[in-house]
Amino acid sequence: MVMAEAKTKQGSSRLKDANSRKILDQYSRAKRLRKQLEALEQDNFQEDPHIHLNTPNKKLPQFDADEGAPTKKKRKTTRGDHFKQRFRKTFASLVEEEQMSLKEPPNYMTACIPQSKFPARKFCSVCGNPSNYTCVTCGSRYCCVRCLGTHQDTRCLKWTA
Amino acid sequence: MSSASSLVVLDNGAYTAKIGFSSDEEPKLIQNCIAKAKSERRKQFIGNQYEDCRDLSGLYYLLPFQKGYLVNWDVQRQVWEHIFGKEVMNLEPPETSIIITEPYFNFGSIQDAMNEVFFEEYQFQAIHRTNAGTLSAFRCKKEPPKELCCMVVDSGYSFTHIAPYYDGKKVGNAIRRINVGGKLLTNHLKEILSYRQLHVMDETYVINQVKEDVCYVSSQFMPDMEITKLKGAENTIVRDYVLPDFQQIRRGYVKDESSASSANEQCVSLQIIRMNNERFSVPELLFNPSDVSIQEMGIPEAIVHCIGLVEEEMRPHLYKNILLTGGNSLFPGFKERVERDVRAMAPLNYDVRVTLPEKPITYSWQGGKLFSAAENFKELCVTKKEYEEYGQSICLEKFDV
């Protein structure tokens, strides 16, 4: 009995292994892809090197300033703020505004090139060579057992970018 | 310098601003960004000032443009003030007219802001806003062989536009955009190098130089792929690139194969990146965006697609005059690849001719210079007086952006 159990266990270890492995559903795969594409649009990967610097606070009272100066300064900043408010828009809100404005067809949205007629080529996510295999778990491509190993050890389900 | 009324052409790209007086031979190229370095605390580098910085590792960028459109006005105005100021152009805006370029299909509120900034803040005498491609097409029309139609392919930092022109006028409903540009290529190269070899995610500046120095467009992609799998001397593609350390080496370079053995002991301390299939698989994204799952056509297919959108009579003339501009067309082999692929997809009875100008980056600036000498140029400008009289509406009327 015990022997038999052990034997079945041994025989199906690979199958069991495959079954127990988590498989990403299409939504998380799509989300992952979107994150990857967003990363390609980033200006910087690192954070601002000056962010932790204590910049001298300009609002500290200046005792040597004469009486008339502060009001003059204030007017100048409000002028700048006005400009900022009217034109400070993110890219997303600009696109939204364009969609709402119902301009006649040739515009930002209609100018996007459609999908290619040719099928997409597949490349190994590890080494970049043409690939024939897909990772069961996450859908990434790989070209050989070595690359699959690297992929599972590093990126499969551990996407951090 | 600033005579009674001087004229300035500003091709305001997302990566470099090209600016110069209409009397200049060549424009000045100014980086359109503010950079911050790790080594220089409490100092920002506007435009090209970063050239004075000793240590350029981990350079941090503040960019005025996002996805090709002007979004960060604070940054842009600082850069413009620097450009117009003493350090670069030394302009007197009230005595100056200016031609400024914008991307295709620029958003309405950005256009309004442009008018406001140039008339109300800087107080230019007169302005003319247009697309960079329009200036390129203008120059193309004036220079031999003086074709009537021109297919402008402008592959820049943020994206690539395919724009057909007829007699200097753009065919608006046949302009298409591919969301692949130099920035995406650099970021992709950064990403794959960081995964495969060395963490360089913070080194946008350095990796951009690597891209410019060793990447090329392959005309035989799959055979080249096979070559990169070979070892030793048979692999004619692989290059070792020495990264700068900003101590002894200020700029990276390709390691010379022949001197490798002699300088071997010195090489131990060098940081080297091995560029193998990365050399051509990165620019390949311009031709197959689907390689990184961007569901769009590549440049040659897009050219054929766009030509298919115009009237049949115009098509052979467009195939005959395809003009490549923008920084990406500097990749070695770019022109040959476009020519080959378009030829393969175009109808047999049409001639295909692709032109790569000597200086594709400043081509449209030169077009602007030519345009400023045109007879009807004055009529196409909006003067400050007109703006004060009619406001934004006259700009909408006069400018074809």
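Looking at an unreviewed UniProt entry, one finds chain B named Actin-related protein 6, with Holothuria leucospilota as its source organism. The record in UniProt for chain B states the following under Sequence similarities (unreviewed entry): "Belongs to the actin family. ARP6 subfamily."

If you look chain A up in an unreviewed UniProt entry, it shows as Zinc finger HIT domain-containing protein 1 from Holothuria leucospilota.

Caption draft 1: Local environment of helix H1 (residues 73-84) of chain B. The end-to-end C-alpha distance of H1 of chain B, which contains 12 residues, comes to 16 Å, matching closely the 16 Å that a straight helix rising 1.5 Å per residue would cover. Along H1 of chain B, the residues that are buried comprise Trp73, Val75, Gln76, Arg77, Val79, Trp80, His82, Ile83 and Phe84 of chain B.

Caption draft 2: A look at the interface of chain B and chain A. Each side of the interface is counted separately: chain B has 67 residues, and chain A has 57 residues. Taken together, the two surfaces of chain B and chain A that pack against each other cover about 5600 Å², and 56% of this comes from carbon and sulfur. On the chain B side of the interface with chain A, the three residues burying the most area are Phe107, Arg177 and Tyr195 of chain B, jointly 14% of the side's total. Seen at the junction of chain B and chain A, the total is 6 salt bridges. Among the ionic pairs, arginine 121 of chain A bridges to glutamate 284 of chain B, the shortest N-O distance being 3.0 Å. Taken together, the connections running from chain B to chain A amount to 27 residue pairs in polar contact (both at pLDDT 80 or more). Going through the elements one at a time, strand E6 (60-62), H1, helix H2 (108-121), strand E14 (176-178), helix H4 (182-196), helix H6 (221-229) and helix H9 (299-307) of chain B are the ones with two or more residues in the side of chain B that touches chain A. Along the lines of polarity and charge, the residues of the side of chain B that touches chain A split into 26 nonpolar, 18 polar and 23 charged.

Caption draft 3: Looking closely at the pattern of salt bridges. Tallied over the entire structure, the rule returns 23 salt bridges over all chains. Residue lysine 89 of chain A is joined to glutamate 97 of chain A by a salt bridge in which the shortest nitrogen-to-oxygen separation is 2.9 Å. Measuring nitrogen to oxygen at the nearest pair gives 3.8 Å for the salt bridge that ties glutamate 147 of chain B to arginine 353 of chain B. Placement of glutamate 147 of chain B in the loop between helix H3 (132-142) and strand E11 (149-155) and of arginine 353 of chain B in the loop between helix H11 (334-345) and strand E19 (354-355) is noted, with a sequence separation of 206 residues between them. Here glutamate 147 of chain B falls in the buried class, since its relative accessible area comes to 14%.

Caption draft 4: Quick look at the sheet that holds strand E15 (residues 239-242) of chain B. Residue and element names in this part refer to chain B. The strand order across the open sheet built from 3 strands is E16-E15-E17, with neighbouring strands paired in antiparallel fashion. Each end of this open sheet is capped by a strand with a single partner; those strands are strand E16 (253-254) and strand E17 (272-275). Sheet analysis places E15 next to E17, joined by 4 bridges and oriented antiparallel. Paired with aspartate 240 across the strands is arginine 274, a residue of E17. Each of E15, E16 and E17 touches helix H5 (residues 204-214); the most contacted strand, E15, lies at about 140 degrees to it.

Caption draft 5: The arrangement of the pairing of strand E18 (residues 322-325) of chain B in detail. Residues and elements named next belong to chain B. Every second residue of E18 is oriented toward a common face, with Ile322 and Leu324 on one face and Leu323 and Thr325 on the other, all of them buried. Where E11 meets E18, 4 bridges bridge the pair, whose relative direction is parallel. Looking at E18, one finds that valine 153 is bridged to leucine 324. Relative to E19, E18 is paired through 2 bridges, and the arrangement is parallel. Among the inter-strand pairings, isoleucine 322 is bridged to a residue of E19, identified as valine 354.

Caption draft 6: View of the pairing of strand E10 (residues 126-131) of chain B. Residues and elements named next belong to chain B. Across the 6 residues that make up E10, a large majority, 6, are buried. Where burial is concerned, the two faces of E10 agree: the one with Ala126, His128 and Thr130 and the one with Ile127, Arg129 and Asn131 are both buried. For the segment spanning strand E9 (residues 96-102), H2 and E10, crossover handedness is right-handed. Here 2 bridges tie E10 to strand E20 (residues 382-383), and the two strands are oriented antiparallel to one another. Bridging across to E20, alanine 126 finds its partner in threonine 383.

Each value, and the rule that gives it
Residues numbered from 1 in each chain as written. Chains lettered and ligands numbered in written order. Predicted model: local features only at pLDDT ≥ 70, side-chain atom pairs only at ≥ 80, totals over all residues. Heavy atoms only, no water. UniProt positions renumbered as here; feature names shortened; annotations may be inferred. Helix = DSSP H or I, 4+ residues; strand = E, 2+ residues; numbered from the N terminus. Expected span 1.5 Å × (residues − 1). Buried < 20%, exposed > 50% of the residue type's maximum accessible area, 1.4 Å probe, protein only. Contact = heavy atoms within 4.5 Å. Buried area = accessible area lost by both parts, 1.4 Å probe. Salt bridge = Lys/Arg side-chain N within 4 Å of Asp/Glu carboxyl O. Polar contact = N/O pair within 3.5 Å; in protein donor to acceptor, adjacent residues only side chain to side chain. Nonpolar A, V, L, I, M, F, W, Y, C, P; charged D, E, K, R; others polar. Pairing = 2+ DSSP bridges. Axes fitted to C-alpha atoms, helices over the stretch in contact; angles between N-to-C directions. Right-handed = clockwise from strand over helix to strand, strands pointing away.

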